[in-house]
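Each chain, written out:
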Amino acid sequence: MAGEIMYKVLVVDDEPLMLEGWKTMVDWEAYGYQLCGTATDGAEALANIQACDPDLVVTDIRMPVLDGLGLIRAMKEDLGHSAKTIIVSGFPEFGYAQQALIYQVDRYILKPLVTEEIHSLLLELAGPLEERRLEEASAGKKQAAAAAASIVSLLADGEAAAVDTTERLLGASDRTRCRLILAEPVDGPGRRTERGAEGLSPHAWLNELSEALTAGGGRAWTFEEAPGRAGLLLLDGGLEEEELEVRLMEAAAKLGRPLRELALYCSGSAFGLAAVPRLYRQVLETRSRALLAPRGGVHRHQGRKAAGEWRLEEMSAYVEELLQSIEACDSVGIGRAVDGLVGLFVRTGAEEGWVKAAVRYIQGELLRRFAKPNAGAEGEFEWMRQLLRGTRSAAESWNGDSLKRLCVQAAERLASRSSPARANGTFVSEAVEYLKRHFRERIRLQDLADRFYINPAYFGQQFKRETGCGFHDYIHRLRIDEARRMLRRTDLLVSDIASELGYHDSDYFTDKFKALTGELPSAYKNKRQG
């Protein structure tokens, strides 16, 4: 039965020899059971039932303090526990059997114990125990699903009816301490996916972390807050903000899942489920700020700063520096200004309205510069649509990297109106020089476009327009030119040259060489060295 889930058994008897007999005579594991504990009277047994949650309780009928029938009554009526029960008695009186029927005892057996009869009884009870386990699992799933749906509806609706419904489902009250956590994976700067490390969904991440958070007490309920984003409602956790962050980091490390790829947005705490909508707004504000400079880890809610604390002049200075850098087509200046602006947002805990206002002002200025004659030029309408989409969307769609890319693209587009050669030369000539130094390496158009904060499609178009050939064709030309030189001046094998130039397949290298020179590398080498 190794690896299978076993049914837990608690044995209760006041005679030490009988307890020893239950331990040694019965091959529990062979029949799918695990002896999780023993007790010498009913009172001790009740404590053990609460501690080990047995599936089956085997008890002697006559014991001091609390006898077997009293134990079963207290277990079912006081503890509400539904474990299967076996009464063991040395007295075949009818009165005992009648009482056992009243308390719905599953089996009534007489001493002395016979091993074969006990094993047969365990086999009989395995079926009902499995049915009970499946029913409880199904009920647990239904309760969890109902609780999750109720929490999601409560996030935006703090009405009394929604609060009452959720309190009943979760067993909470207006004295229950609450805290919210949202989780989503982070896949590189500014890019998010619906799954993080090892393919785990945010919901699975939170399920694992919730066990660690509630180890010292409290309860946790997980729910799907949005596609690719999950939430955790923590009840009566008792952890302060600093303690919660430490516990989350420690739990993730212990599980072997460091929070590099998962962002956790944590609210403050409050009492009563009526406060959940307010806590939800806190985590959304925290997420909105965090998206300006995306990173994994724990993001704690910061209280909003008063308008006087916000440093409006400093924000305006960064925005003005950014607009001037766009006008000058200065990518370094753009990066510096955006980094300063994002740093100010994060450092001061700017409320969402200020972040949106700053982004909208920048977008408005860019739109104003675009709203000029020649708007029908190739690609112009697409840029206008991109800017307008950004103006209508929430501030959370923007972060430092995306804002840099947009501003550099806008700078290039503005510069192309007055001097197309200048606009192209600003990044294409730099890209060409970079390729001449690094053509042996694996270079993707996306990576080089990101290096200049430029849209990859626009980068590819401008590169071809300026150089006369596509990005990948240009790299192959540089490599084949170098291959010619190496074939003329070295004794390296064709396969070695292919490897040095970044081709992992010498046949592919040969095909490219022939396509560009009209002959095979070996023939070229023989001619030049012969």
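Criteria and thresholds
- Residues numbered from 1 in each chain as written.
- Predicted model: local features only at pLDDT ≥ 70, side-chain atom pairs only at ≥ 80, totals over all residues.
- Heavy atoms only, no water.
- pLDDT = per-residue confidence, 0-100.
- Helix = DSSP H or I, 4+ residues; strand = E, 2+ residues; numbered from the N terminus.
- Contact = heavy atoms within 4.5 Å.
- Pairing = 2+ DSSP bridges.
- Axes fitted to C-alpha atoms, helices over the stretch in contact; angles between N-to-C directions.
- Core = buried A, V, L, I, M, F, W, Y, C linked by side-chain atoms within 4.5 Å.
- Buried < 20%, exposed > 50% of the residue type's maximum accessible area, 1.4 Å probe, protein only.
- Parallel < 35°, antiparallel > 145°, perpendicular 65-115°, else oblique.
- Salt bridge = Lys/Arg side-chain N within 4 Å of Asp/Glu carboxyl O.

Draft legend 1. How the structure looks around the confidence of the model for the chain. On average, residues of the chain score 78 in pLDDT, and 79% of them reach the 70 mark or higher. At the low end of the mean pLDDT range in the chain sits helix α13 (residues 380-392), at 54; at the high end sits strand β1 (residues 7-12), at 93. Overall, residues 188-198 carries pLDDT values under 50, and its contacts beyond four positions in sequence, including any with other chains, amount to 29 contacts. Confidence drops under pLDDT 50 across residues 373-378; counting only partners more than four residues distant or on other chains, this segment forms six contacts.

Draft legend 2. Molecular detail of the sheet that holds strand β8 (residues 229-235). With mixed pairing, the five strands of this open sheet are ordered in space as β7-β8-β6-β9-β10. Edge positions in the sheet fall to β7 (219-226) and β10 (297-300), since each has one partner strand and no second. Here the strands of the sheet are splayed against their neighbours by 25 degrees on average, with no regard to which way each runs. Bridge count between strand β6 (residues 177-185) and strand β9 (residues 262-271): eight bridges; the pairing is antiparallel. Paired with L182 across the strands is Y265, a residue of β9. With respect to the sheet, helix α7 (residues 202-213) is in contact with β6, β7, β8 and β9, its orientation differing from that of β8 by roughly 20 degrees. In this fold helix α9 (residues 276-290) packs onto β6, β7, β8, β9 and β10, with an angle of close to 150 degrees to the strand it touches most, β9.

Draft legend 3. Just the nonpolar core, in detail. Formed by 55 residues in total, the largest nonpolar core has its most connected members in I326, L435, F459, F463, F471 and F509. Here the element with the most residues in this core is helix α18 (residues 471-489); it accounts for eight residues. If we ignore the near neighbours within four places in the chain, the residues touching F509 are I480, A483, V494, I497, A498, L501, Y503 and P521. Grouped together as the second largest cluster of nonpolar side chains are 27 residues, I151, A172, L233 and L279 included.

Draft legend 4. Examining unusual backbone geometry more closely. With an omega of -5 degrees, the peptide bond between K111 and P112 qualifies as cis. The topology assignment puts P112 in the loop between β5 (107-110) and α5 (115-156). Phi at D53 is positive, roughly 50 degrees, even though this residue is not glycine. In this structure, D53 sits in the loop between α2 (42-52) and β3 (56-60). With relative accessibility at 43%, the residue D53 sits in the partly exposed group. The phi torsion at V65 lies on the positive side, around 70 degrees, for a residue other than glycine.

Draft legend 5. Local environment of the environment of L366. On the secondary structure map, L366 appears in helix α12 (residues 352-370). The exposure class assigned to L366 is buried, which follows from its relative accessible area of 1%. Through-space distance from the C-alpha of L366 to that of A410 is 7.2 Å; in sequence the pair is 44 residues apart.

Draft legend 6. Layout of the packing of α18 against helix α20 (residues 506-517). At a closest axis distance of 10 Å, the pairing of α18 and α20 adopts a crossing angle of 95 degrees. Classified by the angle between their axes, α18 and α20 sit roughly perpendicular to one another. For the pair formed by α18 and α20, the contact residues are H476, R477, I480, A483, R484 and L487 on the first element and Y508, F509, K512, F513, L516 and T517 on the second.

Draft legend 7. Inspection of the pattern of salt bridges at higher detail. With the rule as written, the count across this model stands at 19 salt bridges. Ionic pairing is found between D447 and R444, a salt bridge with its closest N-O pair at 2.9 Å. Looking at D447, the relative accessible area reads 37%, which means it is partly exposed. Here R444 falls in the partly exposed class, since its relative accessible area comes to 40%. Salt-bridge contacts for E482 lead to R485; the nearest nitrogen and oxygen are separated by 2.6 Å. Of this pair, E482 and R485 both sit in helix α18, three residues apart, which is roughly one turn of that helix. Residue class for E482 comes out buried when judged on its relative accessible area of 13%. When salt bridges with common partners are traced through the structure, they connect D13, E15, D60 and K111 into a single cluster.

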